[in-house]
Amino acid sequence: MFRKWMICGAALLLMVTATRAETIEDKVAVCAGCHGADGKPVDKTIPTIWGQQAGYLYIQLRDFKRGDRKSDIMQPIATQFERDDMLAIAEYFSQKPWPDLGQPRAPKDVAAKAVSASASVGCPACHLDRFQGDGTVPRLAGMGRDYLAKTIADFRNRARGNNPGMSDLMLATSPDDLAALVEYLAGL
Amino acid sequence: MYVKGLAAFAAALGVGLLSGAAVAQEVKQEKQSVLGNATVSPVTQEQLNAADKNAKDFLLTNGNYAQTRFYPGKQIGRDNVKNLHVAWIFQTDVKESLETSPIVVDGVMYVTTSFSHVYALDAKTGQQLWHYAHKMGPITVYCCGPNNRGVQVLGDRVYLATLDSKLMALNAKTGEVVWTTNIADPELGYSETMAPTVVKDKVLIGTNGGEYGIRGFVRAYDAKTGKQLWNFNTIPENSVGVWATKDATGRDMHRNIQAEKDVLAKIGDPYAKLGGGVWQNPSVDLATNRIYFVVGNPSPDLDGSNRPGDNLYTNSLVSLDLDTGKYVCHFQYIAHDVWDLDAVSPTVLVNVKDKDGKTIPGVIHAGKTGHIYVHDRKDCSLIRFSEAMVPQENMWVLPTKEGARMLPGANGGVEWSPIATDPGQELAYAINLHQPMTYHVESSAYPNGKLWLGGAFKVIPSEKQSGNITAVNYNTGKIKWQVKTPEPMIGGILATAGGLVFTGEGNGKFAAYNSSNGKELWSFRAGAGVNAPPSSYMIGGKQYVVVGAGGNTQLDYKRGNNIIAFTLD
């Protein structure tokens, strides 16, 4: 399946997106209820998905469906989708503009602590310059503060178990440093 | 990321009237390819075979099939290198980590950037001839940056391996795609950053993915059609080995062999998800029709508890038959590695002195451990290893939950950076990192192609980091000279018949040194990290040196997008 997709490549992708244009809108209508009609999540513990990397969005939907990432809310939603739907939905949201949540920049001392912690583990080696993400690695810059804190805590206690590598990195970083990172990333 | 922002800006300019305000700031549209009509002369196998004697071109990523990175031209020498100045600067569209090795074929230069873009340039003027902007699939999974290290040309085809794990042949004249082959499934952790090696109508390629529980390989594809010819799994079905307790230098690795044997009895051979990526080009021995390469770390990197045995052929030198891909010999540096101090930097074929002082065909590799290892090409056996080029402390302390300090840090020593050799002086030149780190271990089950580190390695912020350029006599193992640099070094180095070595630093410095004593003879500030291997070539009777200055993701060195060529007046 996957191989076929790859071989047919861009043309097929475009076609599929085009023929599903209306149904895509239907499929994503429900998302706005929580992730925001304007891309700003309605609750502070809900992540921004507008403008997020397509590869990352797809992988999360896949993981919710598989149960690799546990969520009473997202799992039933993702279960309705097949792989093609997920790819199309991911592409759809990745094309939207990233919303400005208006979070303040971290104070200098907090930012310095965050940058040092980030350099120690090498966060930008994966999340890239200015934490913009790429492919299956998420953008973190400007993500909601409460969500960041929650998901980092979830990585740390493996309640979020869909990426043990990230859990390991979070476990190797002190809660203090992580708190600084949350504030820093939210304010980027 | 920046490239997408830039592309969006370009798109907004181009179609602004059509889409009006709907083109938002964050629209992610890929940069379009720009086809060309370059005048190119096809590259023959004979030319490639003789690349080591050819000062006009720079035909392979590491100069020649032996990968000496020794450039035979000497117009630029110790006396006049002080007059070296910029001939031209080309700015790519992609401002991310730049690890490309420029190659030059009869006046046409090919360079690549992060996200698998390829440019053909006029090597004399820097003018763009064409630009292939790879349309990346949505799923890319990679370690250490969206890098690409280069391409190779055979005939009138340019061969490229992409981040989303495809192998492609492009038309050297236009940049059009001739064929595409899927190498492996990115969703399972496979990606490509290396340049292919093309020889005798075979395209040789390894794979990344040792951080994701892949099963590594080296493959040969038909250069004409893209069909797979052979596959060599870098992890054999029997990966257990000989239960080695000491590393290649004789130090105890503190393995608990009985505990490993108990796990083996319970779970069986762990070969299927054991990692073993191959990051860099193989050397090709044309006389014996063999290739030599090194295999990277086992998965998960720092946790050995569920991968009993030596984890063959991770952290090893391996040799294969070029025609069939059949195993010839191997030598493992670190069995059952739990530090990610693996083997990455490309192998080099040179003649070396064996233990009795007899000159024999050798193969050398610079390790993340900070040693240069010298082998007998016949059976891969180790002849000697060099003095350590970086501080080593507390080897081999086992990683702990809280973190155990050990030097070198997990980036090396010598990372992926290719070394250079000067056979006349019996010297190998390597660039090194010194990054004090703590090693942390955590255990988790195979996560379906997700990041699987088995812990973390952390730079100790309070400890000073540095780098160095080291010249090692590979026939004695002694360090001849060493130049300290303020920051850890990653990128590559070039030696020339002009008695020089050229290399760059993360702070943007690019310099030439006397290859006999390390004296700095010339330097230039590039404005972004020079973390790519330099190349050299001749056009119109003038020698040029070219290097990429685009920084580095892994060490977070300042990003840029410049390809800079230098020449004399």
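Criteria and cut-off values
- Residues numbered from 1 in each chain as written.
- Chains lettered and ligands numbered in written order.
- Predicted model: local features only at pLDDT ≥ 70, side-chain atom pairs only at ≥ 80, totals over all residues.
- Heavy atoms only, no water.
- Helix = DSSP H or I, 4+ residues; strand = E, 2+ residues; numbered from the N terminus.
- Rg over C-alpha atoms; globule rule 2.2 N^0.38 Å.
- Buried < 20%, exposed > 50% of the residue type's maximum accessible area, 1.4 Å probe, protein only.
- Contact = heavy atoms within 4.5 Å.
- Areas by Shrake-Rupley, 256 points an atom, 1.4 Å probe, with all protein chains shown as cover.
- Lys, Arg positive; Asp, Glu negative; His and termini not counted.
- Charge placed at Lys NZ, Arg CZ, Asp CG, Glu CD.
- Axes fitted to C-alpha atoms, helices over the stretch in contact; angles between N-to-C directions.
- Parallel < 35°, antiparallel > 145°, perpendicular 65-115°, else oblique.
- Left-handed = near helix turned anticlockwise from the far one by under 90°.
- Nonpolar A, V, L, I, M, F, W, Y, C, P; charged D, E, K, R; others polar.
- Pairing = 2+ DSSP bridges.
- Phe/Tyr/Trp six-rings, centres within 6.5 Å; stacked < 30°, edge-to-face > 60°.
- Polar contact = N/O pair within 3.5 Å; in protein donor to acceptor, adjacent residues only side chain to side chain.
- Disulfide = S-S within 2.5 Å.
- Buried area = accessible area lost by both parts, 1.4 Å probe.
- Salt bridge = Lys/Arg side-chain N within 4 Å of Asp/Glu carboxyl O.
- Expected span 1.5 Å × (residues − 1).

Asks: Even after reading the chapter, I still don't get the overall build of chain B, so can you show me in this structure?
Replies: Counting its regular elements, chain B contains three helices and 36 strands. For chain B, the C-alpha radius of gyration of 22 Å lies close to 25 Å, the compact-globule estimate for 569 residues. Each principal axis of the C-alpha atoms in chain B carries an extent, and together these give about 70 × 60 × 50 Å. Within chain B, the proportion of its 569 residues that are buried is 67%. Partitioning the intrachain contacts of chain B with sequence separation of at least 6 by distance along the chain shows that 62% fall at a separation of at least 24. Roughly 18000 Å² of accessible area belongs to chain B as shown, and the carbon and sulfur atoms make up 52% of that amount. Taking the average place of the 52 positive charges on the side chains of chain B and the average place of its 52 negative ones, the gap between the two points comes to 3 Å.

Asks: Help me understand the packing of helix 4 (residues 54–66) of chain A against helix 6 (residues 83–94) of chain A in this model?
Replies: When two helices pack together, their arrangement is captured by the angle between the axes and the distance separating the axes. All names here are of chain A. Taken N-terminus to C-terminus, the directions of helix 4 and helix 6 make an angle of 140°; their axes are 8 Å apart at the nearest point. In terms of their interaxial angle, helix 4 and helix 6 are classed as oblique. Considering the relative orientation of helix 4 and helix 6, their crossing is right-handed. Contacts between helix 4 and helix 6 involve A54, L57, Y58, L61, R62 and K65 on the former and, on the latter, R83, M86, L87, I89, A90, E91, F93 and S94. Residue composition of the contact of helix 4 with helix 6, by class: nine nonpolar, one polar and four charged.

Asks: Would you explain the packing of helix 7 (residues 108–121) of chain A against helix 11 (residues 175–186) of chain A in this entry?
Replies: All names here are of chain A. Here helix 7 crosses helix 11 at 110°, and the two axes come no closer than 8 Å. Classified by the angle their axes make, helix 7 and helix 11 are roughly perpendicular. Seen along the crossing, helix 7 lies across helix 11 with a hand that is left-handed. Here helix 7 contributes V110, A111, K113, A114, V115, A117 and S118 to the contact with helix 11, which in turn contributes D176, D177, A180, L181, E183 and Y184. Class assignment of the residues belonging to the contact of helix 7 with helix 11 gives a composition of eight nonpolar, one polar and four charged.

Asks: I tried to follow the sheet that holds strand 32 (residues 509–514) of chain B on my own but got confused; where do I start?
Replies: Think of a sheet as strands paired side by side through backbone hydrogen bonds, with each pair either parallel or antiparallel. Residues and elements named next belong to chain B. Spatial strand order, 1-30-31-32-33: five strands in an open sheet with mixed pairing. Each edge of the open sheet is held by one strand with a lone partner, namely strand 1 (70–71) and strand 33 (520–525). Inspection of the sheet shows strand 32 paired to strand 33 by five bridges, in the antiparallel sense. Opposite A511, over in strand 33, you have S523 as the bridge partner.

Asks: It is not clear to me how the packing of aromatic side chains should be interpreted in this structure. Could you clarify?
Replies: The geometry of an aromatic ring pair comes down to the distance between the two centres and the angle between the two planes. Residue and element names in this part refer to chain B. Under the definition given, this model contains 21 aromatic pairs over all chains. A ring pair is formed by Y313 and Y327, whose centres lie 5.4 Å apart and whose planes are at 20°; its orientation type is stacked. Note that Y313 is positioned in the loop between strand 16 (290–295) and strand 17 (316–321) and Y327 in strand 18 (residues 327–332), a separation of 14 residues in sequence. Relative accessible area serves as the criterion here: at 11%, Y313 is assigned to the buried category. A centroid spacing of 5.2 Å and a plane angle of 80° characterise the contact between W522 and F566, whose relative ring orientation is edge-to-face.

Asks: Would you explain the side chain of K368(B) in this entry?
Replies: Residue and element names in this part refer to chain B. Within the element layout of this structure, K368 appears in the loop between strand 20 (359–366) and strand 21 (372–376). We classify K368 as buried; its relative accessible area is 4%. Separated by 2.8 Å, the side chain of K368 and the backbone oxygen of D340 make a polar contact. Among the polar contacts made by the side chain of K368, one reaches the side chain of D342 at a distance of 3.0 Å. Aside from chain neighbours lying at most four places away, what touches K368 is D340, L341, D342, V344, P408, A410, N411, G412, G413, V414 and E415.

Asks: Got a minute to help me understand the state of the cysteines in this structure?
Replies: Among covalent bonds in proteins, the disulfide is the one between the sulfur atoms of two cysteines. Residue and element names in this part refer to chain B. Summed over the entire model, instances satisfying the criterion amount to two disulfides over all chains. Disulfide pairing places C143 opposite C144 at an S-S distance of 2.0 Å. Each member of the pair C143 and C144 is classed as buried. Two residues share a disulfide in this structure: C329 and C380, whose sulfurs sit 2.1 Å from each other. Since a negative S-S torsion denotes a left-handed disulfide, the C329-C380 link at about 65° is right-handed.

Asks: Would you explain helix 10 (residues 164–171) of chain A in this entry?
Replies: One full turn of an α-helix is made of 3.6 residues, so residues set three or four places apart face in the same direction. When you tally the buried positions in helix 10 of chain A, you get seven out of eight residues, the bulk of the element. Among the residues of helix 10 of chain A, those classed as buried are P164(A), G165(A), M166(A), S167(A), D168(A), L169(A) and M170(A). Contact partners of the buried residues in helix 10 of chain A: helix 7, helix 8 (124–127), helix 9 (145–156) and helix 11 of chain A together with strand 27 (455–459) of chain B.

Asks: Where do I start with the interface of chain A and chain B in this structure?
Replies: Often, the extent of an interface is quoted as the loss of accessible area on bringing the components together. Contacts between chain A and chain B engage 46 residues on the former and 44 residues on the latter. Here chain A packs against chain B, burying approximately 3700 Å² in sum over the two surfaces, 52% of which is carbon and sulfur. Taken together, chain A and chain B are joined by four salt bridges. If you look at where chain A meets chain B, you find 15 residue pairs in polar contact (both at pLDDT 80 or more). Mapped onto the side of chain A that touches chain B, the elements with two or more residues apiece are helix 1 (2–19), helix 4, helix 6, helix 7, helix 8 and helix 10 of chain A.

Asks: In this structure, what is going on with helix 6 of chain A? I would like to understand it.
Replies: For helix 6 of chain A, with twelve residues, the first-to-last C-alpha span of 16 Å sits near the 16 Å given by 1.5 Å per residue. All buried positions along helix 6 of chain A are accounted for by D85(A), M86(A), L87(A), A88(A), I89(A), A90(A), Y92(A), F93(A) and S94(A).

Asks: Hey, could you run me through the sheet that holds strand 9 (residues 166–171) of chain B in this one?
Replies: Residue and element names in this part refer to chain B. Ordered by their spatial adjacency, four strands build an open sheet running 7-8-9-10, and the pairing between neighbours is antiparallel. The sheet terminates laterally at strand 7 (152–154) and strand 10 (177–182), the two strands that pair on one side only. The mean angle between the axes of side-by-side strands here comes to 20°, regardless of whether they run parallel or antiparallel. Across five bridges, strand 9 lies against strand 10 in antiparallel orientation. Bridged to K166 within strand 10 is N182.

Everything listed is a geometric property; what it means functionally is a separate question.
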